[in-house]
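Topology and contacts: notes
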Amino acid sequence: MPGVNVRNFSIIAHVDHGKSTLADRILEHLGAMGERDKRDQTLDTLELERERGITIKSTPVRLNYTRPNGEQYVFNLIDTPGHVDFGYEVSRSLAACEGVLLLVDASQGVEAQTIVNAYLAIDSGLTIIPVVNKIDLPAADPEGAAQELEEVVGIPAEDAIFASGKTGAGVPEILEAIVERIPPPPGDPQAPLKALIFDSFYDAYQGVILFVRVLEGTVRAKDAVTLFNTGKDFEVDKVGTFTPGLIVSDVLAAGSVGWIAAGIKDIQDAQVGDTVTSREHPTLEPFPGFKPAQPVVFSGLYPTDTEDYRKLREALERLKLNDAAFSFEPETSEALGFGFRCGFLGLLHAEIVQERLEREFDLDLIATAPAVIYRITLTNGEVIVTQNPAEFPTRDRIELVEEPYIKMSVMLPEEHVGPVMQLLQERRGSMVTMNYMGKRVELVYQVPFAEILYDFHDRLKSISRGYASMDYEIIDYREGDLQKVDIYVNGEIVDALAVIVHESKAYSLGRKVVDKMAEVIPRQMWAVPVQAAIGGKIIARATVKAFRKDVLAKCYGGDISRKKKLLSKQKKGKARMKQIGTVEVPQEAFLAVLSTD
Ligand code: GTP
């Protein structure tokens, strides 16, 4: 029977609980990593990932395991992204497995994403192998962490394996547990093809490479296939497995994890969660739960140098080839000129895209404050959807505005509950439940999504001394008293600075933004007023003071090197500025709304 000696599994954990490090030890143990090309964290491929220490793209790897009794096994280890922005990708990666290693840092215990990931695994019907990791740390409390897992997620503490990705302790036990506890993949190789896409990337020569888990049937080169949800037809060029490089093979049969190249040119046609089936003998039911990638956070990206518009467009097109979740369309701002309105899965995704644009494509960008999608019913009955504050209709045209809400789960030590509840209250949150687990508490709240875009995570971390962790999902749209606050610089309205805010916060936000702007806009030869207004009525005002003296006047005549130094300093400061009327406005000003109170 095929698949009997195969095990498909994934490692899930809260951020930084040591997933990549442990995966490396496993690879090393199974001889998949020569000492020579051993680098830290082989599974994290993008350069940015390495620097930020987070897993963005899942990279599967096929491993050979020989048990102490001589039996041979094939393991497919599927890495999952470790951040809340990529929750859907995690769920699809899990759907490609029969089991997971659920890692918990022995010194930290259960965190918000431990719980969320554990429930994702439980919901997918997977076998969970609890692993208490980092037992080498002096502050480790392995029994305590195992006990927490039992209390919070209901996984028996005695099932836990104690391990360390650093020393390799526990790795042999983990490998045996994978064989013994995780079931072999089911599926009939004779049935019509049903393969789940759990990731993809774009290759300049072969087009899109689909990462698939074959659930039923078989697939080989020359097969005619259909993508179930997107409805497109393709002919398979090649199939293969991962080592983690791509190795060509003859066939992928039910139970396998591998890749398919089918000359797919557009990553939009190859959405994560879609099902690949045979054109002639299609499966009746696709794999359930397909969701097209949907951006939820939007922001404008503009080149600081208008000459770079075309370069930016090319960079966005290139980036989009590899990222189906990212969207962009041209937009024009009176203040910033020509740019793009871009959509992301979350704030981290937005930051990653912007950083990649600047680094890989050598662009200097101005990003506007992130915004969510609003649903607006106009007085004439028409319903419009917008994520651009600049396009918000005037108040007299609005009947009602609805905004997205999230369900948020926060895990934290008991002693910080008060301040965290207060923070959630300030963010217009309402409590759903509060669960005590020993000395720790899980708070579940419903909060407007927009409220967490601005400095929420930083505040949460600082008031909990770094101990609180959170996770969230968007649940629905609800009516809110929302208003547009306009910002004027030197008497001119700056469309790209407009923000949507709840009525109760409009004044304080206006104040905060103008103060921050007055602080970051460089002094000019004359005083520059910065104002916040609602519907033309000024609600806050600050002034960028004029220079007291010309900077260069000080060194008049004398010291030429000092003069040069000053000028070069000024030149450096010019980077990332945008000319608005006669005033140069730096990037920071566009994100003034994000600044911590
Ligand atoms: P994400 O990909 O962001 O989810 O992180 P991760 O879970 O893959 O964590 P990673 O493996 O990057 O480890 C996070 C940090 O913990 C790194 O600084 C590691 O060096 C450290 N670390 C990982 N495993 C161990 C361990 O067993 N013992 C000790 N002492 N440190 C560890």
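Bear in mind that the values here come from a model prediction, so they are computed numbers and not experimental data. (Residues numbered from 1 in each chain as written. Predicted model: local features only at pLDDT ≥ 70, side-chain atom pairs only at ≥ 80, totals over all residues. Heavy atoms only, no water.)

1. Structural notes on unusual backbone geometry
Not every positive phi belongs to a glycine, and Asp16 is a case in point at roughly 75°. Inspection of the secondary structure assignment puts Asp16 in the loop between β1 (6-13) and α1 (19-29). Residue classification places Asp16 among the exposed positions, given a relative accessible area of 57%. Residue Asn490 is not a glycine yet carries a positive backbone phi of 55°. In this fold, Asn490 is placed in the loop between β27 (482-489) and β28 (492-493). Note on Asn490: relative accessible area 28%, which makes it partly exposed. (Helix = DSSP H or I, 4+ residues; strand = E, 2+ residues; numbered from the N terminus. Buried < 20%, exposed > 50% of the residue type's maximum accessible area, 1.4 Å probe, protein only.)

2. Some details on the UniProt feature "binding site: GTP" (unreviewed entry) in the protein chain
Within the UniProt annotation, "binding site: GTP" (unreviewed entry) is assigned to Asp16, His17, Gly18, Lys19, Ser20, Thr21, Asn133, Lys134, Ile135 and Asp136. Classification of His17 as buried rests on a relative accessible area of 2%. Dropping the residues within four chain positions of it, His17 is found in contact with Leu103, Val104, Asp105, Gln108, Gly109, Glu111, Thr114, Asn133 and Lys134. Its location among the elements puts Lys19 in helix α1. You can call Lys19 buried: its relative accessible area is 8%. (UniProt positions renumbered as here; feature names shortened; annotations may be inferred. Contact = heavy atoms within 4.5 Å.)

3. Side note on the environment of Pro172
Note on placement: Pro172 falls in helix α6 (residues 171-181). Between the C-alpha atoms of Pro172 and Gly231, which are 59 residues apart in sequence, the distance is 45 Å.

4. Focus: the sheet that holds strand β20 (residues 365-367)
One open sheet accounts for four strands, arranged β18-β19-β17-β20; its pairing is antiparallel. Each of the sheet's edge strands pairs with one partner strand only, and the pair in question is β18 (327-333) and β20. The mean inter-strand angle of the sheet, taken between neighbouring strand axes irrespective of direction, is 30°. The sheet contact formed by strand β17 (residues 297-303) and strand β19 (residues 337-344) spans five bridges and is antiparallel. In the strand pairing of β19, Gly300 is matched with Arg341. Along the sheet face, helix α7 (residues 309-321) touches β17, β18, β19 and β20 and points at about 15° away from the line of β19. Most of the contacts of helix α8 (residues 347-360) go to β20, to which it runs at about 165°, and overall it touches β17, β19 and β20. (Pairing = 2+ DSSP bridges. Axes fitted to C-alpha atoms, helices over the stretch in contact; angles between N-to-C directions.)

5. What to know about the nonpolar core
In terms of nonpolar packing, the biggest core is built from 68 residues, with Tyr374, Met408, Val410, Leu424, Val485 and Met517 touching the most fellow members. Ranked by the residues each element gives to this core, the list is headed by helix α12 (residues 506-520), at seven residues. Non-local contacts of Val410, meaning those with residues more than four positions away in its chain, are made with Val420, Leu424, Val441, Glu442, Leu443, Leu460, Ala468, Ser469 and Met470. Counting 35 residues, the second largest nonpolar core, distinct from the first, contains Ile78, Ala112, Ile115 and Ala160. (Core = buried A, V, L, I, M, F, W, Y, C linked by side-chain atoms within 4.5 Å.)

6. With respect to a nonpolar patch on the surface
A surface patch of nonpolar side chains, amounting to about 320 Å² of accessible area, comprises Met525, Trp526 and Phe547. By the secondary structure assignment, Trp526 is in the loop between α12 and β30 (528-534). Given the relative accessible area of 37%, Trp526 is considered partly exposed. (Patch = residues over 30% accessible without salt bridge, like charges linked within 9 Å, V, L, I, M, F, W, Y side chains within 5 Å. Areas by Shrake-Rupley, 256 points an atom, 1.4 Å probe, with all protein chains shown as cover. Salt bridge = Lys/Arg side-chain N within 4 Å of Asp/Glu carboxyl O.)

7. Some details on the pattern of salt bridges
In total, this model carries 22 salt bridges according to the counting rule given. Linking Arg459 and Glu426 is a salt bridge whose minimum nitrogen-to-oxygen distance equals 3.7 Å. On the criterion of sequence distance, the pair formed by Arg459 in helix α11 (residues 456-463) and Glu426 in helix α9 (residues 417-426) is long-range, its members being 33 residues apart. Its salt-bridge partner being Glu451, residue Lys505 comes within 2.7 Å of it at the nearest N-O pair. Here the residue Lys505 occupies a position in the loop between β29 (499-502) and α12, and Glu451 occupies one in helix α10 (residues 450-453), the gap between them amounting to 54 residues. The buried category is assigned to Lys505, whose relative accessible area is 18%. Several salt bridges share partner residues, and in doing so they unite Arg67, Glu71, Glu176 and Glu180 into one network.

8. Section: the sheet that holds strand β11 (residues 233-235)
Spatially, eight strands are ordered β11-β10-β16-β7-β8-β15-β12-β13 in an open sheet, and the strand pairing comes out antiparallel. Bordering the open sheet on either side are β11 and β13 (246-249), each of which pairs with just one other strand. When the angles between neighbouring strand axes are averaged without regard to direction, this sheet yields 40°. The pairing of strand β7 (residues 194-203) with strand β16 (residues 275-278) spans three bridges and is classified as antiparallel. The partner of Lys194 across the bridge, within β16, is Thr277.

9. Here's the deal with the packing of helix α3 (residues 87-95) against helix α4 (residues 112-123)
As a packed pair, α3 and α4 sit with axes 10 Å apart at the nearest point and diverge in direction by 40°. As summarised for this structure, α3 and α4 are arranged oblique, according to the angle between their axes. The handedness of the crossing between α3 and α4 is right-handed. Judged by residue contacts, Val90, Ser91 and Leu94 of α3 engage Asn117, Leu120 and Ala121 from α4. (Parallel < 35°, antiparallel > 145°, perpendicular 65-115°, else oblique. Left-handed = near helix turned anticlockwise from the far one by under 90°.)

10. Some words on the packing of α1 against α6
At their nearest, the axes of α1 and α6 sit 10 Å apart, and the two run at 80° to each other. Of the possible angle classes, the one that applies to α1 and α6 is roughly perpendicular. Each of Leu22, Arg25, Ile26 and His29 in α1 lies in contact with α6, whose residues at this interface are Val171, Pro172, Ile174 and Leu175. Tallied by class, residues from the contact of α1 with α6 come to six nonpolar, one polar and one charged. (Nonpolar A, V, L, I, M, F, W, Y, C, P; charged D, E, K, R; others polar.)

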